[in-house]
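# Summary of structural features
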Amino acid sequence: MPHSPESIAPRAAVAAPAVALISDTNDWHACALAESFAAHGVRAKPLALESCRIDTGSASGLILPGFGAGLPDAVFVRTMSGGSFEAVTLRLGILHALTEIGVPVWNNARAIERCVDKSMTSFLLARAGIPTPGTWTTESREQAAEIVQREACPLVLKPLFGSQGRGLRLIRSADELPAPAEISGVYYLQRYVGVDRNGYRDFRLLVSERRVVAAMMRHSAHWITNVKRGGKPVAAMPDSAMKDLAIAAAAAVGADFAGVDIIHDAAGRPTVLEVNSMPAWSGLQRTTTVDIAAVLAGDLIAALAAQAQRGV
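Residues numbered from 1 in each chain as written. Predicted model: local features only at pLDDT ≥ 70, side-chain atom pairs only at ≥ 80, totals over all residues. Heavy atoms only, no water.

Bringing the environment of D202 into the picture now. Mapped onto the elements, D202 comes out in strand β11 (residues 200-208). Among the residues examined, D202 registers a relative accessible area of 6% and is labelled buried. Taking the C-alpha atoms as reference points, D202 and T225, separated by 23 residues in sequence, lie 7.1 Å from one another. Residue contacts for D202: discarding those within four places in its chain leaves M216, M217, R218, T225, I262, I263 and L273. (Helix = DSSP H or I, 4+ residues; strand = E, 2+ residues; numbered from the N terminus. Buried < 20%, exposed > 50% of the residue type's maximum accessible area, 1.4 Å probe, protein only. Contact = heavy atoms within 4.5 Å.)

Under the definition given, this model contains 11 salt bridges. Across the salt bridge formed by E274 and K158, the nearest N and O atoms sit 3.1 Å from each other. Here K158 lies in strand β8 (residues 155-158) and E274 lies in strand β15 (residues 270-276), a separation of 116 residues in the sequence. Overall, E274 belongs to the partly exposed group, its relative accessible area being 25%. R204 is paired through a salt bridge with D261; the nearest N and O atoms lie 2.5 Å apart. Of this pair, R204 sits in strand β11 while D261 sits in strand β14 (residues 257-264); the two residues are 57 residues apart in sequence, bridging distant segments of the chain. Of the two residues, R204 and D261, both sit in the buried class. The structure contains a network of salt bridges with shared partners spanning D202, R204, R218 and D261. (Salt bridge = Lys/Arg side-chain N within 4 Å of Asp/Glu carboxyl O.)

Once that is clear, we can look at the sheet that holds β11. Read from one edge of the open sheet, five strands run β13-β12-β11-β14-β15, paired in antiparallel fashion. In this open sheet, the two strands that pair with only one neighbour each are β13 (232-235) and β15. The average undirected angle you get between the axes of adjacent strands in this sheet is 30°. The pairing of strand β12 (residues 211-220) with β13 spans four bridges and is classified as antiparallel. Residue M216 lies in a different strand from β13, and its bridge partner there is A235. (Pairing = 2+ DSSP bridges. Axes fitted to C-alpha atoms, helices over the stretch in contact; angles between N-to-C directions.)

Spatially, the four strands line up as an open sheet ordered β7-β10-β8-β9, and their pairing is antiparallel. Sheet topology places β7 (135-138) and β9 (169-171) at the edges, where each strand pairs with a single neighbour. If you compare each strand with its neighbour and ignore which way they point, the axes differ by 30° on average. Across the face of the sheet, helix α5 (residues 118-127) comes into contact with β7, β8 and β10 (187-191) while running at roughly 40° to β10.

So yeah, pure geometry; function would need other evidence.
What follows is the structure, encoded as C-alpha cells:
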C-alpha cells in the first residue's frame, strides 16, 4: 500500500530511555519491536506483569523485575496474559499505577479495559457519534431473545472478551441463543452488516498517534474474515473517510495505537466493528512495505521526547 514518507517515517528519538516491553510470549511481534527500539539505541526490556507487585514501602510503590529500585521510562503493552479475575485486575492495576506515577504506558490500562470489553467499545463509539452497528449487551437470555425477535434480522453473538474471530455465532432466531453457561453469562449482540460481494470483505486500519500507518482488506468466502480464521490479507488504500473514522475510533477509546476494523454496509457506508488496543500485525505487515514495528517504536520514543521538552 503506498504511503508518503512524511506520513509513516519513524519519528525522532530521545537519548537511550529504557522501555518495558510487556508480552506474554516472545513472539515475532515482540522481537520486531525489540529490534526497532534497539535501532534507536533504546533497550526494550521484557517485563511480565505477573512478576510485578505493588509495594507501598518502595520509593515508587511498585517493584518491577529488571528495573531494580527504579522504573522504566515508558511501557509498551504488546499482549497481556490471561488469568483469574483477581490476577488480571492486579496486572491492570500495575499499569494504572505506572500511569499515575507519570510513566507513559502504550496503551494504558484504561484504553485496554475499554477495548477488551467489546460492549464498552460499542458504547463509546456510539456516544462519540461514530458509525457502528446497533449493539445490545445483557446477562439475561430472556432479554436477548426479545432483542432477537424485535430486530427480526441476523445478529452476531460475540464473546465479550474474545479476539481473532473466535466464538462468533450468527443468530437468526431466539432458539439459536446458547445457554448462559456456554457464553460466560453475557449476551453481546451486534447487528449483522456483512454483505456477500463475491465473498466477504472488511478492513483493518492500524492507527498510531492520530494517523493511519497501514491498512489491509481481509477477504474470505465466509462472513468471518479474520486472518486467523482463514481470511486472506490484501493490500488496500483506504479513502479519507475510512481514515478519519479509524482515527476517531482510536481517540474514542483513548488508544495511542489501535487496530480498527471497518466494514461497508449494504449501502456502502463504512462502519466501525471493533477497536483492538493490542493488535497483531503479522498479516498486515505482509501487505505493506511500511515497517510497522519501527513506526510504533518511533512514535513512542517521539512521545517521550515531547514529554521531556514539556519538562514533564
